[in-house]
Amino acid sequence: MSADELKPIVDDLETVFETEAEDDEATTRVAIGSLLEDVHPSDIAQIMLEFDARERKTIFDALSNEMAAEVLVETDAVVQREFLEDIEEEKLSDIVEEMPPDEGADIVEMLTPEREQKVLEEVADEQADSIRELIQYEPDTAGGLMTTEFVSVHADWPVSRVIEEIRNSREVEYLSLVFVMTDGGRLAGVASLRRIITASPDDPIDRVMDPDVVSVQTDTDQEEVARVVEDYDVDTLPVVDAAGILKGIVTVDDVLDVVEEEASEDIHRYAGTADAHPAQEKIRRRIALRLPWLIITLIGGLLAFLTMESAQRTWAELLSIASFVPLVVGCAGSVGVQTSTIIARGLATGDVRLSMLSRILYGELLVALGIGIVCGGVAAGASLVLIETGSATLGAIVGLSMVASICVAAVMSTVIPLGCYRLGIDPALA
């Protein structure tokens, strides 16, 4: 829903909270549950942001376990931690049991080891085993993204038996593909529902399946997972271990979350902040992350000051040139931001590699030279027209300064991100 469509629901909830003192707790929860009964979980998560922490908890407690599970997944990390701090282990176990294993694992990983153990002891054995398996993997890898809910069959099964297996898998989250495995559990191929339904019931599934399967390993980085999905145009990606044994699948909805997460991280890093949203970071850490790079900028400004200070004896004669310093610095800074953004983004997507340094540097230098000549020519012409004491010498100084500054900015903005990448420092942050 749009913000305008959600507003009447928010207003009704505010009315409920205004009369909360007059009603008992059970009546308030029933009223909230009735208002949100037909509202989509993602919309409920959005509505909660309009209320304070106490009211959010009241709304969350009023939801059924099934709805609470879906809403909890849709909220951001700050609100999730807020809910998890106060919720009882028994209630949380019921909610986790309603989640797919991959989403349940994400929630359980946010708990302390003691609470994690208590929650999983109350969850059904099969679900708990799947969650324990998933939390062994790093969150930003294919293993951390995958779900263990999928339909797998043996390569020698007939189509009729495969169809029966599909019918018995109603609770499986993803049923568009069936994964065919060898006796040893290795991934042999995939078969779509369309091909299964149109095949003869007596055909072995290995005749129906597609043996050419794109897969990733459990330790593959989530950015690489998203890149594989994009490159091969698939909506489901099998995840195997080093021996080729199928461990789980990554679906396109998880990949979309990865794309959004990585894009947000890049934007925050380009701004010189943490890779998470600033609201999710402590003040001390936010200062520590941003200050070093600003100190470097400050040092550069001081060097420029010392350079100008050394010319103070002739500053009266060259006062007109000082008027163009902000213009030169501004243009050079803009070119630097453009170049560094292109390089950092290229490194993230794989379009830029260290082996391409000389070619990239040559290209960026030519681009900067072209931009510098145009901007320098405009600035030189402006100095002759706008300044009464303008001369060819002044124009040449302004124009050449513009060209030199833009070229230096482009070179530094190419070399620094690549150098940081080589040293293992995030180029977007640097």
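Quick look at the structure, then. Given the structure is predicted, the values throughout are model-derived calculations rather than measurements. (Residues numbered from 1 in each chain as written. Predicted model: local features only at pLDDT ≥ 70, side-chain atom pairs only at ≥ 80, totals over all residues. Heavy atoms only, no water.)

1. Some details on unusual backbone geometry
So, point 1. Residues other than glycine seldom take positive phi values, yet Asp233 does so here, at roughly 55 degrees.
So, point 2. Of note, Asp233 is situated in the loop between helix H15 (222–232) and strand E5 (236–240). (Helix = DSSP H or I, 4+ residues; strand = E, 2+ residues; numbered from the N terminus.)

2. Re the sheet that holds strand E4 (residues 216–217)
Strand pairing in a sheet relies on backbone hydrogen bonds, with the paired strands running either antiparallel or parallel.
So, point 1. A sheet is described by the order of its strands in space; here three strands give the open sequence E4-E5-E6, paired in mixed fashion. What marks the edges here is a single partner per strand, and that holds for E4 and strand E6 (246–251).
So, point 2. In the sheet, E4 pairs with E5 via two bridges, with the strands oriented parallel. Considered in E5, the bridge of Val216 is made with Val239.
So, point 3. Its contacts with the sheet place H15 against E4, E5 and E6, and it is angled at close to 135 degrees to E5. (Pairing = 2+ DSSP bridges. Contact = heavy atoms within 4.5 Å. Axes fitted to C-alpha atoms, helices over the stretch in contact; angles between N-to-C directions.)

3. Quick look at the packing of helix H8 (residues 101–108) against helix H10 (residues 125–134)
So, point 1. One can describe the packing of H8 onto H10 by two numbers: an axis separation of 9 Å at closest approach and a directional angle of 65 degrees. Between H8 and H10 lies a crossing whose hand is right-handed. Seen from H8, the contacting residues are Pro101, Asp102, Gly104, Ala105 and Val108; seen from H10, they are Gln127, Ser130, Ile131 and Leu134.
So, point 2. For the contact of H8 with H10, the per-class residue count stands at five nonpolar, three polar and one charged. (Left-handed = near helix turned anticlockwise from the far one by under 90°. Nonpolar A, V, L, I, M, F, W, Y, C, P; charged D, E, K, R; others polar.)

4. With respect to the pattern of salt bridges
So, point 1. Evaluated as defined, the whole model comprises nine salt bridges.
So, point 2. Put simply, Arg115 and Glu89 hold a salt bridge, and the shortest N to O gap is 3.0 Å. Separated by 26 residues along the polypeptide, Arg115 in helix H9 (residues 113–122) and Glu89 in helix H7 (residues 89–97) bring together distant segments of the chain.
So, point 3. Owing to a relative accessible area of 25%, Glu89 belongs among the partly exposed residues under this scheme. (Salt bridge = Lys/Arg side-chain N within 4 Å of Asp/Glu carboxyl O. Buried < 20%, exposed > 50% of the residue type's maximum accessible area, 1.4 Å probe, protein only.)

5. Let's talk about the sheet that holds strand E2 (residues 177–181)
So, point 1. Taken together, three strands build an open sheet; the order of strands is E1-E2-E3 and the sheet is mixed. Two strands bound the open sheet, and with one partner strand each, they are strand E1 (151–154) and strand E3 (187–192). When the angles between neighbouring strand axes are averaged without regard to direction, this sheet yields 30 degrees.
So, point 2. Where E2 meets E3, five bridges bridge the pair, whose relative direction is antiparallel.

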